[in-house]
Amino acid sequence: MNSKWIPTVCYHCKAECPILARVEDGVLKEIRGNPRARGKACVKGMAGVSLEYSPDRLTRPLKRVGKRGEGKFEPCSWDEALHAITGKLSDLRDRGDAHKLTASFFPHSISDPKWRFLNAYGGFINTALPHCDSAKIVACIKAMGGVPNHHIPPNFASVPRGGVVILAGRHAMGCLDDAAVPRDILNAKDRGAILVVIDPIFTADAAKADWWIPIRPSGDTALFTGMTHHIVMNGLYNKGFAHNWIREGDFEKLRVYLADKTPEAMSKICDVPAQDIVKLAEMCASAPSVGVDSFKGIMLGQALDFGHAWTNFLAVTGNIDNPGGQPLPDLTPLSPVLPAPAGPDLAAKGWHRTGPDKDTFGKYSFIMEPTWYEAQAIKNGDLKVLITAECNPALTEMGQEEWRKAVTMTNDKGEYQLEMLVSYEIMLSDTARYADYVLPDKSYFERWELLYMPWWYNFGHGVALRQPVVEAPGECRHSNEVFIELGKRLCPEYFAFKDDLEYYDIQLAGLGLSVDKLQEMGGIWSPGTTGFRKYEQNGFGTPSKKVHLYWEDLKDVNQAMPRVGLAPEYEANAGEFPYILISYRTIFHQGSGQWTHNNPQLRDPIGGLMENPLLINTATAKKLGIEDGALVSVRSRTGKLKVRAKCTERIRPDCLGLHHGFGATVGRVAVLGEGVSDNILIPDAGMTLDWQDVVGGESHVSTRVTVEG
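How each quantity is defined
- Residues numbered from 1 in each chain as written.
- Predicted model: local features only at pLDDT ≥ 70, side-chain atom pairs only at ≥ 80, totals over all residues.
- Heavy atoms only, no water.
- Helix = DSSP H or I, 4+ residues; strand = E, 2+ residues; numbered from the N terminus.
- Rg over C-alpha atoms; globule rule 2.2 N^0.38 Å.
- Buried < 20%, exposed > 50% of the residue type's maximum accessible area, 1.4 Å probe, protein only.
- Contact = heavy atoms within 4.5 Å.
- Lys, Arg positive; Asp, Glu negative; His and termini not counted.
- Charge placed at Lys NZ, Arg CZ, Asp CG, Glu CD.
- Patch = residues over 30% accessible without salt bridge, like charges linked within 9 Å, V, L, I, M, F, W, Y side chains within 5 Å.
- Areas by Shrake-Rupley, 256 points an atom, 1.4 Å probe, with all protein chains shown as cover.
- Salt bridge = Lys/Arg side-chain N within 4 Å of Asp/Glu carboxyl O.
- Phe/Tyr/Trp six-rings, centres within 6.5 Å; stacked < 30°, edge-to-face > 60°.
- Pairing = 2+ DSSP bridges.
- Axes fitted to C-alpha atoms, helices over the stretch in contact; angles between N-to-C directions.
- Polar contact = N/O pair within 3.5 Å; in protein donor to acceptor, adjacent residues only side chain to side chain.
- Disulfide = S-S within 2.5 Å.
- Left-handed = near helix turned anticlockwise from the far one by under 90°.
- Nonpolar A, V, L, I, M, F, W, Y, C, P; charged D, E, K, R; others polar.
- Parallel < 35°, antiparallel > 145°, perpendicular 65-115°, else oblique.

Bringing the overall build of the protein chain into the picture now. Summing up its helical and strand segments, the protein chain has 23 helices and 24 strands in all. For 709 residues, the compact-globule estimate of 2.2 N^0.38 gives 27 Å, and the C-alpha radius of gyration of the protein chain, at 24 Å, lies within 12% of that figure. Dimensions of the protein chain, computed from C-alpha atoms along their principal axes, come out at roughly 70 × 65 × 60 Å. Within the protein chain, the proportion of its 709 residues that are buried is 65%. Across the protein chain, contacts joining residues at least 24 apart in sequence account for 74% of those joining residues at least 6 apart. Across the protein chain, the mean location of the 77 positive side-chain charges is 2 Å away from that of the 85 negative side-chain charges.

Listed below in structure tokens is the structure:
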């Protein structure tokens, strides 16, 4: 028997943890974390074996034979599919509309060949980042001048004794995060760190916390601004950092801005007692470090305001690029693949391509297209070809019904306004039901990828190699291989290399490595440290080389300093819809649909999570006459669904909770569950621009609802 452990990288969620895969006679048998990279494997990662050998795996390209949405396909050859896609893209470019191509995918790496193709051809990328941390990324760029990794967590492994760890809407113990994070947080607690969880739901993180603060949804900006007020006005700030590393004049502007942002005033907004705001502020001001990790659990719109309040708080407490604080990225010197395509002029080509809404987005500064523009752009005629990979907008985007409606809209001739929809899938999804071509992708156990983000939690800055550990079934081809093939056909001057491996070899030459050498090294290259206080060498990446607290470029949209009020959707239709629907996370499922929701291990009613009940406070349920387990009706301004109620004291009385990502209608396991999709209830961003974070790009993932027994 031939059995061996092979280092590679998980992709059962977006965290991409380094793992070891045990392969026995060519069959994947077991998965565990890679200790060399401090990696851990969560239950989703370990269930990857079931995903790999799912009977629902696609093995041949499919061509639509019914109407979009009917899910009727017939097999076709790769030659036929690629000929059709190349022909459509050639036609689009000949019409001068190359920018009306969008590829929607998760960018594993800033060196991803899909990104290169889009730059060479003239199309746009959009990603799932606006559902996660895009606003914090924008805030980091504006305040510190650096582009961080997508999750932007503190370096929990470096938190000293007495350091404070704040999880604000971050369900770290529920994963969708690096699997090493829970371990590092608990290790920090063992060293004497203090864990504070700020969340309307008493999560698994809260159960481990020293202090749970059940904040009002959307109140996070007010809470952090109230703390900053107390710290600054009482002289508790880090004077060395403020004097040396905050841009001249900004601290005084902050002081003026904070004058009326007292803990008492902010308490009325966030519903956290003023004395608790003061207590937490003083705890943070006196601690050797404070790290703040936030996510979308308490997120409504206007997330950039929280990102701004977050960076202001970190700056005045001196918790930027220090042990236990907010790390800054460092760059890995990969070699460029020349000639490098410049990409389209985003501003000239429309940037958001939302037709009449373009002016609204004039100040938008995120580095990619947001996912939530798609439905609006299709309706406006600004999106003609959409290629999706590793995403599922028909189910996991807010306003899913508007997306489904948009991709089936026809013109006067009866032709679809979105001229082509291509979906790369390892198994059919709700999005694939609408595709013209469904291409069978390789799983993460079957493909090569060079993974590089400026900062990565598990292995510090560096690169990691995802490598095939088993053979792909049938005719599966990885989307990167296919994008390179499309590049050779449509823009060959930028795709003169042989294949993906040669492409990665060119990049690795900057490190004196190749794919073969990196493979021999165990698939990980890293200096072994993220480094601290790197700004002391060359300053920050901002024009002044210092931290910017005041954002003058946003003065005309009233965002030069954070807006502390609740997000617009918190107040909208509050009489008809008295409760705020928020999402929660568990260890079992990620948010993209099929990979975990169509996995028998993760949907097992005993060892997994079969459905997503509606969390409702026990007192609220009693007031409404709702019993535990009862089937209830939940309604918002855009949708209605029925779901079972789970009465619990672990959620604020004014909130309801739904696990995101459920509701799949495709897949032999997924359709067995009783789960429902929260996106039926959440309005499409294009229809509610006045709610939207048009500068930071973040999606709103919460909304107002009513519930009836």
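Before going further, it helps to spend a moment on a negative patch on the surface. Taken together, the side chains of Glu-502, Asp-505, Asp-516 and Glu-520 define an acidic patch exposed on the protein surface. Summarising the element assignment, Asp-505 is placed in helix H18 (residues 500–508).

Attention now goes to the packing of aromatic side chains. When we look at a pair of aromatic rings, we describe it by the centre distance and by the angle of the planes. Under the criterion given, the structure shown has 19 aromatic pairs. Taken together, a centroid distance of 5.5 Å and an interplanar angle of 65° make the contact between Phe-117 and Phe-483 edge-to-face. With a gap of 366 residues between them, Phe-117 in helix H4 (residues 113–121) and Phe-483 in helix H17 (residues 479–490) connect regions that are remote in the sequence. The residues Phe-117 and Phe-483 share a single accessibility class, namely buried. Pairing Tyr-535 with Phe-540 gives two aromatic rings, centres 4.7 Å apart and planes at 15°, and the pair type is stacked.

Moving on to the pattern of salt bridges. Following the criterion strictly, the structure yields 39 salt bridges and no others. Residue Arg-652 pairs with Asp-654 through a salt bridge whose shortest N-O separation is 2.9 Å. By relative accessible area, which is 23% here, Asp-654 ends up partly exposed.

Below, the discussion takes up the sheet that holds strand E2 (residues 18–24). Reading across from one edge, E1-E2-E3 is the order of the three strands in this open sheet, with antiparallel pairing throughout. Strands with a single pairing partner mark the edges of an open sheet, and in this sheet they are strand E1 (3–9) and strand E3 (27–33). Along the sheet, successive strands turn relative to each other by an average axial angle of 30°, direction set aside. Where E1 meets E2, seven bridges bridge the pair, whose relative direction is antiparallel. Following the sheet pairing, Val-9 is matched in E2 by Pro-18.

With respect to the element layout, Ser-443 can be found in the loop between strand E15 (437–440) and strand E16 (449–451). Given the relative accessible area of 2%, Ser-443 is considered buried. Only 2.5 Å separates the side chain of Ser-443 from the side chain of Glu-52, close enough to count as a polar contact.

Glancing now at unusual backbone geometry. In this structure, the amide linkage connecting Leu-338 to the following residue, Pro-339, adopts the cis form with an omega of -5°. For Pro-339, the position within the fold is in the loop between helix H13 (303–316) and strand E12 (369–370). Phi is positive for Glu-16, close to 60°, though the residue is something other than glycine. Within the secondary structure, Glu-16 sits in the loop between E1 and E2. Assessed through its relative accessible area of 1%, Glu-16 is described here as buried. At Asp-271, a position not held by glycine, the phi torsion is positive, near 65°. Using a relative accessible area of 36% as the deciding quantity, one classes Asp-271 as partly exposed.

Within this structure, the stated rule accounts for zero disulfides. Left unpaired, Cys-10 is separated from the closest cysteine sulfur, that of Cys-17, by 6.4 Å. Here Cys-476 stays free of any disulfide, with the sulfur of Cys-76 as its closest cysteine sulfur at 13 Å. Taking the relative accessible area as the measure of exposure, Cys-476 reaches 7% and is therefore buried.

Packed helix pairs are specified by the crossing angle of their axes together with the interaxial distance, meaning the distance between the axes. The interhelical angle for the contact between helix H8 (residues 220–233) and helix H12 (residues 274–286), taken along N-to-C directions, is 65°, at an axis separation of 9 Å. H12 is crossed by H8, and the crossing has right-handed handedness. Contacts from Leu-223, Gly-226, Met-227, His-230 and Ile-231 of H8 reach H12 at Ile-277, Val-278, Leu-280, Ala-281, Glu-282 and Ala-285. For the contact of H8 with H12, the class distribution of residues is eight nonpolar, two polar and one charged.

Okay, the sheet that holds strand E9 (residues 194–198) next. Sheet strands pair via backbone hydrogen bonds, and the direction of the pair is either parallel or antiparallel. Spatially, four strands are ordered E10-E9-E8-E11 in an open sheet, and the strand pairing comes out parallel. Looking at strand neighbours, the two that pair on one side only are strand E10 (211–213) and strand E11 (290–294), the edges of this open sheet. Sheet twist, expressed as the average angle between the axes of neighbouring strands with direction ignored, equals 15°. The pairing of E9 with E10 spans three bridges and is parallel. For Val-197, the partnering residue across the bridge sits in E10 and is Trp-212.

The next thing to look at is the pairing of strand E6 (residues 101–105). Burial of E6 is extensive: five of the five residues sit out of reach of the surface. Relative to strand E13 (residues 385–389), E6 is paired through five bridges, and the arrangement is parallel. Within the sheet, the bridge partner assigned to Phe-105 lies in E13 and is Ala-389.

In contact at an axis separation of 8 Å, helix H11 (residues 263–270) and H12 are set at 115° when each is read in the N-to-C sense. Regarding the angle of H11 to H12, the classification is roughly perpendicular. Helix-helix and strand crossings are classified by hand; for H11 and H12 the assignment is right-handed. Here Pro-263, Glu-264, Met-266, Ser-267 and Cys-270 of H11 come into contact with H12, specifically with Ala-274, Ile-277 and Val-278. Residue composition of the contact of H11 with H12, grouped by class: six nonpolar, one polar and one charged.

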